[in-house]
Amino acid sequence: MNVWYRVKDLDAARDFYTRTFGFEPVYVDEEDRWARLVRNGVEIALAEGEFAGGDEGGEDDVIVTLEVSDLKSEADRLREAGVNVGVVLEIPGAIRLLDVFDPDGNRIQLSEDV
């Protein structure tokens, strides 16, 4: 599955995703201002520009979920780096989840099986 996120500044967004989450750029279109990035089989595309119709989010939005081995440590690392991080939600004996937001407000969910 391919998830698209709109961003205000493609270069800043690429830097955020590569530096913060370890994504690797696999394609960059400087003319049309979009890029594809991958990490462990997860692919996202970033497109620079305004949102059509003024609707930047909604209940049906697709969210990238990244699996991590230690969610609480990852939350601490991201907070220390100044990333907008939510609260760890845990379903005992099953999973931990954490919402993280990129500089444009796009949501990324981190998960850890427990």
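Residues numbered from 1 in each chain as written. Predicted model: local features only at pLDDT ≥ 70, side-chain atom pairs only at ≥ 80, totals over all residues. Heavy atoms only, no water.

Trainee: Explanation requested: the packing of aromatic side chains in the structure shown.
Mentor: The full count for this structure, using the stated rule, is seven aromatic pairs. Arranged with centres 5.3 Å apart and planes meeting at 85 degrees, the rings of Phe 16 and Tyr 17 form a pair that is edge-to-face. Here the two residues Phe 16 and Tyr 17 agree in accessibility, since each one is buried. (Phe/Tyr/Trp six-rings, centres within 6.5 Å; stacked < 30°, edge-to-face > 60°. Buried < 20%, exposed > 50% of the residue type's maximum accessible area, 1.4 Å probe, protein only.)

Trainee: I'm lost on the environment of Glu 48 in this one. Help?
Mentor: By the secondary structure assignment, Glu 48 is in strand β4 (residues 42–48). Classification of Glu 48 as partly exposed rests on a relative accessible area of 27%. In this structure the C-alpha to C-alpha distance between Glu 48 and Asp 11, which are 37 residues apart in sequence, comes to 9.1 Å. Here Glu 48 is in contact with Arg 6, Val 7, Lys 8, Asp 9, Leu 10 and Arg 33, once residues within four sequence places are set aside. There is a polar contact of 2.7 Å between the side chain of Glu 48 and the backbone nitrogen of Leu 10. (Helix = DSSP H or I, 4+ residues; strand = E, 2+ residues; numbered from the N terminus. Contact = heavy atoms within 4.5 Å. Polar contact = N/O pair within 3.5 Å; in protein donor to acceptor, adjacent residues only side chain to side chain.)

Trainee: Is there a simple way to explain unusual backbone geometry in this structure?
Mentor: A negative phi angle characterises most non-glycine residues, just as the trans form characterises most peptide bonds. One non-glycine residue, Arg 33, adopts positive backbone phi at about 60 degrees. Looking at Arg 33, the relative accessible area reads 18%, which means it is buried. In this model, Asn 40 sits at a positive phi of 50 degrees, which is unusual for a non-glycine residue. Among the structural elements, Asn 40 can be located in the loop between β3 (34–39) and β4.

Trainee: Even after reading the chapter, I still don't get the confidence of the model for the protein, so can you show me in this structure?
Mentor: Caution applies to low-pLDDT parts of the model: their predicted coordinates are not meant to be read in detail. Residue-level pLDDT values for the protein average 88, and 89% of them are 70 or greater. Looking at the elements of the protein, mean pLDDT is at its lowest for strand β1 (residues 2–7), recorded as 89, and at its highest for helix α1 (residues 10–21), recorded as 96. Counting interchain partners and residues more than four positions distant, the pLDDT-below-50 stretch residues 53–60 has two contacts. (pLDDT = per-residue confidence, 0-100.)

Trainee: Explanation requested: the pattern of salt bridges in the structure shown.
Mentor: When the charged atoms of two side chains lie near each other, side chains of opposite charge can form a pair. The tally for this structure, following the rule as stated, stands at twelve salt bridges. A salt bridge links Arg 36 to Glu 43; its shortest N-O distance comes to 2.8 Å. Ionic pairing is found between Arg 79 and Asp 76, a salt bridge with its closest N-O pair at 3.9 Å. In this pair, Arg 79 and Asp 76 both sit in helix α2 (residues 71–80), three residues apart, roughly one turn of the helix. What emerges from the salt-bridge pattern is a single network uniting Asp 11, Arg 14, Glu 30, Arg 33 and Glu 48. (Salt bridge = Lys/Arg side-chain N within 4 Å of Asp/Glu carboxyl O.)

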